[in-house]
Structures are given as C-alpha cells and as structure tokens.
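Close look at the chain arrangement
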Amino acid sequence: MRAAIWRSAFWLRSQQCQFRIKYYRSVTSKSMIVDIDESDQDLNHYSDFKTLLKTKGIPTKDGHTCLQVSCRICASAQTAWAYINKRSGAFMCPSCNVKLPLAAVKSAYEKRKKIVDYQQERKKEYMTKCTDCSPVPYDVCESLHISGLKQVDFELLGAAYDKNMNILQFPLKNANSRYVGEKWLFLTNGDEETHCDKNTSGLLIHCAGDKQKAIVVSRCVDFLALIAQRLETHSIVCLPHGLKSLPQECLPGLEQFKELILWFKYDSPSWDIGKMFASKMGEKRCRLIRPTDMEPSPFETQRKRYNVHHILQRATAVRHPSITTFSGLRNGILSELQNIEKVHGVKWKRFPILNKLLKGHRKGELTILTGPTGCGKTTFMSEYSLDLALQGVSTLWGSFEIRNSRLAVTLLRQFVGYSLEKRLHEFEFWATEFEKHPIYFMTFHGQQPLKLVLDAIEHAHYVHDINHVIIDNLQFMMGMSYRVDKFWEQDNIIAAFRSLATKRNVHVSLVMHPRKERDEGDLTTNSIFGSAKATQEADNVLIIQDKRLTSVSGKKYLQVVKNRYSGDLGIMPLEFNKEALSYASSARKKKKEKDKEKISTEDVLPKCPAE
C-alpha cells in the first residue's frame, strides 16, 4: 500500500515538472497565457536556490536586477555566467542562450547534471533576414544627416546595408555578446523593425568596454546621434523594441553599468514609460532626461545643436523622496502643458464619442463598468480593450466569469469583423495576425484570493510591461465566502486595485454587477453593488443603460456618469453588429463594409492555407 502511494506521488511530481518545461517551450507569442503557478514557483524557489548555492560554495554576484552565478546546466568549454532575475525568478544563460524555470535548474545544480547540450544550443545562431548585406556606403551615412557620424562607426557596430530593402541592419547581442537578433532602420521613412528568435532578446551597445555609465535610447537615429557626439564617459545603448516593451532577457546586458540615463523622444507618454522601464532596470541607478522643448530627443538635440553635456547634467534621479516641491514638479508641469493632447491619453478609434467625453485612455486610473445582466458588459469591454491593444496598449485580461477560450473567440471575431466558423481556412492567417498584438490572459476562473491575483498582475507588469488590467467581473472574483462582511471585502479589493493603479501607473478596469433595482428606472452611481467606496475610488464610471428590456422602441447606450479628468458627462449610443460582435459607430461599420467589398477573396486566400 505504501509503495503504491509513493509511486503515485512520484508520478504526479514528474508530471508537474514536465508541465513546467512544456509551458516554457509553448510561450512564444505576445498573445499568451500568463501562467501564475509558474511565476509563484520560481519566486518560491529563489530563496532556496540561493541557500543551495551558498551550501555548495558556488560564487555569486548580487547585481542590480539579477543574481549572477556560474552556469552549470551546460557543458561549455569555458566558465559561463548565468543570471537569475530577482523579480521573476527566471534563469537565463547568455552563453547557451536558454531560459529555464528555477525548479528544473535547482535539480541540475543539486545533482551536478548537465541538462542543456551546449554544442547543440550554440548551433542555433540567429540568421539574418536580410537578402543582400554589404558594408554601409558613404552616401548612406551622409543621408542620415548626423554630423560627425563616420563609416567606421558602422563597422564597429557590425552594421550592414541592404540595398534591396534600403535598410540599415544592426545586430542585437546578449550579455555574452552572442548574436540573437537584429534591428532594421528603414531609410525611406525612418521606421524600425526588430527580429529575434523565440524567447530571446538583446541590446545594441556601442563602446561598452569597462565603462560604468550608459545612456539608454529607444530609436536607432538617437543611438547614432549620440555615437557621433564621441562621449568618453558613457556607453550608448539602444533598446530592441523601442518603447513598446523591455524584455527581461535584456537586463543581464545592463548589469555592468552603475548608472543609466534614460533619454527618449520627448512627450509625456515616453516620460511615463521611462519611469516604468527605470523600475525594471533598478531605480537606484537610473536617471531620466525630462521631456521638454529644451531637452528633446538626442537626434533633435544634435540637429538643433544643443549642448549634450549640459542636458546630461540635468538628468533627474528616478527615486524621489516622499515629499517634493513645486520646483521639483516644474519641468513635469511644463512637459504636460507642451504635450497636452498626449496627456489626454490613447484615443479610441472605434469609439470617437468616448474621446470627446473621456478625452482618452490614461495610465494610473481606475474605471468601473456596470450594467444589467445580459446587456453585453463583457462584449463591450473586450472591444473597448481590443481597440487600445491594437494601438500598442499592453493589456492583461482577468476573466473570472467566462473561460479564456470563449473570451479569445470574442476578441478574434471583433478583430476580424466576422465569424470564422464557416471560414476555417482563414483561421491560421487571422490567428497569426492577432498574436502580434500585446494581449495576455490570466488563467484564473471563479473565486480567487486577492493576493494571488495581485501577484499575477505584478508579475505580468514587470515581465510584459502591462499598461491595462481588466477584471471581469469583481463579484465572480470575490465568490461567496466572506471572512467578515461582503461589503467590507469588496471595499478592501477596490482599495487594493486603486493602489495598484496609482503605484504601478497602470489603468485598471473593473466590470461589476449592479444592485437589484426596478427594471423601469435608470441605473446610477448608487446602483453599483456594495457601498459608495467603488464610485469614490473610481476615476471613471461607465454604465450600460439597456432600455430594450423595458420598452419595445428602447435603445441601448453607454452613459458616462463620472469623469474625474475633465468632468465631461454624456452618453454614447450602442448599436450592436452581431456578425462582428461590435459596438463601433455606424460610420465605422459602413467604412469597414466598403473596405471589405474592395478586398476580394483572392486577396486573402493566398495568405491562408487551403481548405
């Protein structure tokens, strides 16, 4: 009997280990499931792993964002250093270019067993996607209009020129100087593209050497402009994905620097992203160039012939004390006034009336959406969030009421504009297109503890740079087991999400049920389930009023009943398109139908696999 129990326990543990490895290999796209158990296990293993290293006498080095340790999972010819992220617990080895969960790595260190074939991993060198690479010619160097830039600078970077595509190609390297990707600069329009292998990412660094200070930029033109300045005290670093995201695989490449100056293209959104990236890189060592007209991007600085050294001296420390003064806020106020339209937030393309009322979608705010049962709260919120995600707002969905697969079907249908049930041959094409956008899903369903949900959001915010968190819905997350009082429980949860929005500078959207009221009456802020805490904490309160339930000729519309930013209140008619599951305006629908008529079936089918 004991032997049978022991065998069952051993089998279960082996299945869990296989699941972890399988999950690690499956996470390859931006639209993925955020597996909370995996992150929790890695963080729990972190302290145990440090104890193991100390017991076995393995030397370590405590860095700014990672714990540096000699790699013993691959049989390399020389000593290789691996990095363990202190926040996520991810084990990364730049030498063999792998990322593994700590659970698998810990057993390898305990048993001194090599679990990675070093020679096999080294063969997986990134191959450029350029078709005709050649050294950068002199005329291309001149066309950038960056005074002081020379051909030898491109040679030191390992850059190349592709005449067919008219692009400059820059290699991205990891902390072990291994070629893991490339960044393209299109000379025709100045656009940039990044290409990397799965689960890898690198940086573009100029003149690293033994320098302890670096300037971090987001664009290739800013990177080249600073190279032309011939700064002797600073290295120049260009991020792989601009301001879209900062993968944790890049952080080991920044460990050598004791001071980082973040200098991005000036506007208020960049200022917010800069502070978020600084938190990921380590606030103690980061300083920011404030976005004002006198401190523009590096490219604009050299074009206007401003003094770069003076701007660097005015860089502001990120880590600020609890009390500040007007002098400390002065540049921030000036930046907001100079970029007032961008301060409004990201504009919706599908809901122009919302732009007039709310002005835009801003970070650090809390929005509450409510409405009667069956009015389409989840359907509206999915399109509301999809509109923002298509514009680069990284979104984390916490669907506690419906399953992620069903939610994803709704999002995909709203993305395509029609159902794919009878066009399954198009699924692979549209699914691939959808995966390019930053939408993530939590694996929760039904009642969940608040701490577990917050830990998941913190993890996703750090790893995936989440800007928008959706909880659908709050009552399903709370469940029915209340420790003291259901209203006290709900107030506690709302206060926690309010704190999260402010502390992490993310926008939190809560979908909530209203109280049971008379069907003929309009819903108000007092109709939201619970006490007044929810409406007091919220920056925006949106109510779906469904008059179809009480009148034959009744309409459905979205009512803005609270708007802390501008104070504008009003309504937005909701006309439902069942085919697209869309509430977008009728004008947009007509335009989409016209565009759809122009696109023949032959235009789409060649991109999709045959039936």
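First things first, this report covers the structure right here in the doc. Here the structure is a predicted model, which means the values were calculated and not measured. Within each chain, residue numbers correspond to sequence positions counted from 1 in written order. Local features in this predicted model are restricted to residues whose pLDDT is 70 or higher, and side-chain atom pairs enter the listing and the counts only when it is 80 or higher, whereas totals over whole chains, interfaces and linings include all residues. The side-chain figures draw on all heavy atoms in the structure; neither hydrogens nor water molecules are used.

Simply put, an axis is a line fit to the C-alpha atoms, just over the touching stretch for a helix, and the angle between two N-to-C directions goes from 0 to 180 degrees. Every helix listed is a DSSP run of H or I at least four residues long, and every strand listed is a run of E at least two residues long, numbered separately from the N terminus. At their nearest, the axes of helix α15 (residues 404-416) and helix α16 (residues 427-434) sit 11 Å apart, and the two run at 95 degrees to each other. Between α15 and α16, the angle falls in the class roughly perpendicular. Residues L411, L412, F415 and V416 of α15 form the contact with α16, whose own contacting residues are F427, W430, E433 and F434. For this classification, Asp, Glu, Lys and Arg are treated as charged, while Ala, Val, Leu, Ile, Met, Phe, Trp, Tyr, Cys and Pro are nonpolar and the rest, including Gly, are polar. Classifying every residue of the contact of α15 with α16 gives 7 nonpolar, no polar and 1 charged. Angles below 35 degrees are treated as roughly parallel, those above 145 as roughly antiparallel, those between 65 and 115 as roughly perpendicular, and all remaining angles as oblique. In this analysis, two residues are considered to be in contact whenever any of their non-hydrogen atoms come within 4.5 Å of each other.

For each residue, the accessible area found with a 1.4 Å probe, counting protein chains only, is set against the maximum for its type, and the residue is called buried under 20%, exposed over 50%, and partly exposed in between. Across the 5 residues of strand β3 (residues 66-70), 5 count as buried, placing the element largely inside the fold. Where burial is concerned, the two faces of β3 agree: the one with C66, Q68 and S70 and the one with L67 and V69 are both buried. With 3 bridges joining them, strand β2 (residues 60-62) and β3 adopt antiparallel strand pairing. Its bridge partner lying in β3, D62 is registered against L67. Here β2 folds back onto β3, and the loop between the two strands holds 3 residues. As paired elements, β3 and strand β4 (residues 81-85) share 5 bridges and run antiparallel to each other. Bridge pairing in β4 places S70 opposite W81. Any two strands are treated as partners once DSSP identifies two or more bridges connecting them.

Our focus in this paragraph is the sheet that holds strand β7 (residues 133-134). Strand-to-strand pairing in sheets goes through backbone hydrogen bonds, with the strands running parallel or antiparallel. Judged by pairing direction, the sheet is antiparallel, and its 5 strands sit side by side in the order β7-β8-β9-β10-β11 without closing on themselves. The sheet is open, and its two borders are formed by β7 and β11 (192-196), each paired with just one other strand. Here 2 bridges tie β7 to strand β8 (residues 160-162), and the two strands are oriented antiparallel to one another. Bridging across to β8, S134 finds its partner in Y161. Contacts from helix α7 (residues 220-227) reach β9 (167-173), β10 (179-186) and β11, with the element oriented near 95 degrees to β10.

Attention shifts here to the nonpolar core. One finds L354, L369, F380, Y384, W397, W430 and L558 to be the most contacted residues of the largest nonpolar core, which totals 37 residues. Going through the elements one at a time, α13 (352-358), α14 (377-389), α15, α16, β20 (439-442), β23 (540-546) and β24 (556-563) are the ones with two or more residues in this core. When sequence neighbours within four positions are dropped, the list of residues in contact with F380 reads F351, L354, L369, I544, L558, M572, L574 and Y583. Counting 36 residues, the second largest nonpolar core, distinct from the first, contains L168, F170, F299 and I311. The definition of a nonpolar core used throughout is a set of buried Ala, Val, Leu, Ile, Met, Phe, Trp, Tyr and Cys residues joined through side-chain atoms within 4.5 Å.

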